[in-house]
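Structural characterization, general
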Amino acid sequence: MGGLTRAAAPIVGPEVRAVLLDGLGTLLELAPPAPALARALRVEYGLRLAEADAQRAFAAEIAYYRARHHEGRDAATLADLRRRCAEVLRDALPAALAGELSTAQLTAAMLGSLRFEVYPDVPATLAELRARGLSLVVVSNWDVSLPAVLADVGLAGALDGVLTSAALGAPKPAVAIFEAALALAGVAAEQAVHVGDSLAHDVAGARAAGVAPVLLRRAGVGGPPAPPEVPAISSLAELLT
């Protein structure tokens, strides 16, 4: 599948006992939230929001969240982070709509528009890796809601652990989050590989921790190429070949 892999040897060789996995872009994708937000505001509140305006507002919200995801450390701080994200969303909406909703209403509409889906190649690949005796640990720059998200999409039982930057207080590419994942899996760095879609967060972070990185570049996703010595794949299933 794919055709991006450059390594002659298997990516997951006999020495590998654990696979560390990024979250968004590797296991999960975010369904376009703008149409869902426009629909929710129309159906629930009778408000008309152009999809292009919804896209611009969500772009601002997502940028704000990505810079502060680690602040959602527990239920209270997560609620506060979501409230602030909703206010960023409000500020980016057309002025005629911005004052029509309370913060609670807009927060609920925003969260209801964020729907994560599992990539089609993920369930079977995780099942086969587990069948081969490998430990699977998610290492993700996400708030503390990620375990619940993975449970909602049916992946919780396919994984041996989930580590988020918010819970640990160390976002990728910090070595600490990779070391915590290795400890959770009960393996040494040379016995693991880490799969992710970011050169800066996944490849650089894994290498700094002594873990072999694998760059996942799904179809239609651009970005700079991986270094020549780093395997690059276009489907998670390529880990099995």
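Scroll up to find the structure.
Positions within a chain are numbered from 1, following the residues in the order the chain's sequence is written. This being a predicted model, a pLDDT of at least 70 is required before a residue's local features are given, and a value of 80 or more before pairs of side-chain atoms are given or counted; all residues contribute to the totals for chains, interfaces and linings. Note that the side-chain values use all heavy atoms of the structure and ignore hydrogens as well as water.

**A word on the pattern of salt bridges**
One side chain can pair with another of opposite charge once the charged atoms of both are near each other. Here, a salt bridge means any Lys or Arg side-chain nitrogen found within 4 Å of an Asp or Glu carboxyl oxygen. For the coordinates displayed, the defined rule picks out 11 salt bridges. Residues glutamate 87 and arginine 90 are paired through a salt bridge, measuring 3.1 Å at the closest nitrogen-oxygen approach. Of the two residues, glutamate 87 and arginine 90 are both situated in helix α3 (residues 75-92); the distance of 3 residues between them amounts to about one turn of the helix. In this scheme, a residue with accessible area under 20% of its type's maximum is buried, one over 50% is exposed, and one in between is partly exposed, where area comes from a 1.4 Å probe on protein chains only. For arginine 90, a relative accessible area of 12% translates into the label buried. The salt bridge partner of glutamate 128 is arginine 132, with a shortest N-O separation of 3.0 Å. In this structure arginine 132 comes out as partly exposed when scored by relative accessible area, which is 42%. A run of H or I in DSSP becomes a helix once it reaches four residues, and a run of E becomes a strand once it reaches two; helices and strands are each numbered from the N terminus.

**A few points about the layout of surface pockets**
Here the largest pocket is characterised by a volume of approximately 1,100 Å³. Residues are said to line a cavity or pocket when one of their atoms sits within 4 Å of a point; the points come from a 1 Å grid over protein atoms alone, cavities being sets where a 1.4 Å probe fits but cannot get out and pockets being open sets with protein on both sides within 12 Å along at least five of seven lines. Looking at the largest pocket, it is lined by 39 residues, and the ones nearest its centre are Leu24, Tyr65, Arg66, Phe116 and Trp142. Here the nonpolar group is Ala, Val, Leu, Ile, Met, Phe, Trp, Tyr, Cys and Pro; Asp, Glu, Lys and Arg are the charged ones; every other residue, Gly included, is treated as polar. Broken down by class, the residue content of the lining of the largest pocket amounts to 20 nonpolar, 7 polar and 12 charged. Grid points are joined across faces, edges and corners, and a volume is the space filled by probe spheres set on the points.

**Some thoughts on the side chain of aspartate 22**
Structurally, the position occupied by aspartate 22 is in the loop between β1 (18-21) and β2 (28-30). Here the side chain of aspartate 22 touches lysine 172 through a polar contact of 2.8 Å, side chain to side chain. Each residue touching aspartate 22, except ones within four places of it in the same chain, is listed here: Leu27, Val138, Val139, Ser140, Lys172, His194, Val195, Gly196, Asp197 and Asp202. Polar contacts, as used here, are pairs of N or O atoms within 3.5 Å; protein pairs need one atom able to donate a hydrogen and one able to accept it. Residues neighboring in sequence count only if both atoms are side-chain atoms. Should any heavy atoms of two residues lie within 4.5 Å, those residues are considered in contact.

**Focus on helix α10 (residues 199-208)**
Of the positions making up α10, those classed as buried are Asp202, Val203, Gly205 and Ala206. Where α10 is buried, its residues contact α9 (175-185), β6 (192-196) and β7 (212-216). Looking at where α10 begins, the residue whose side-chain oxygen comes 3.3 Å from the main-chain nitrogen of alanine 200 is serine 198. Just downstream of α10, glycine 210 is the residue with a positive phi angle, here 85°.

**What about the packing of aromatic side chains?**
Here a pair means two rings of Phe, Tyr or Trp (six-membered ring of Trp) with centres within 6.5 Å. Their orientation is stacked below 30 degrees between planes, edge-to-face above 60, and tilted elsewhere. Scanning the entire structure with this criterion turns up 1 aromatic pair. Here phenylalanine 116 and tryptophan 142 contribute two aromatic rings whose centre-to-centre distance is 5.1 Å and whose plane-to-plane angle is 55°, an arrangement assigned as tilted. Taken together, the residues span a long stretch of sequence, with phenylalanine 116 in strand β3 (residues 116-118) and tryptophan 142 in the loop between β4 (135-140) and α7 (146-152) at a distance of 26 residues. Criterion for a charge above a ring: Arg CZ or Lys NZ at most 6 Å from the ring centre, at most 35 degrees from the ring normal. It is arginine 218 that lies over the ring of tyrosine 119; its NZ or CZ is 3.7 Å from the centre.

**Focus on the packing of helix α1 (residues 33-45) against helix α5 (residues 103-113)**
Orientation is described by axes fitted as lines to C-alpha atoms, over the contacting stretch for helices, and by angles from 0 to 180 degrees between their N-to-C directions. Across the interface, α1 lies against α5 with an axial gap of 8 Å and an inter-helix angle of 135°. The angle between the axes of α1 and α5 places the two elements in the oblique class. Of the two possible hands of crossing, α1 and α5 adopt the one that is right-handed. Two secondary-structure elements touch here, α1 through Pro33, Ala36, Leu37, Leu41 and Tyr45 and α5 through Gln105, Ala109, Met110 and Ser113. In the contact of α1 with α5, the residues fall into 7 nonpolar, 2 polar and no charged. Each angle gets one of four labels, with under 35 degrees taken as roughly parallel, over 145 as roughly antiparallel, 65 to 115 as roughly perpendicular, and the rest as oblique. Handedness of a crossing follows from how the near helix is turned relative to the far one, being left-handed for an anticlockwise turn of less than a right angle and right-handed for a clockwise one.

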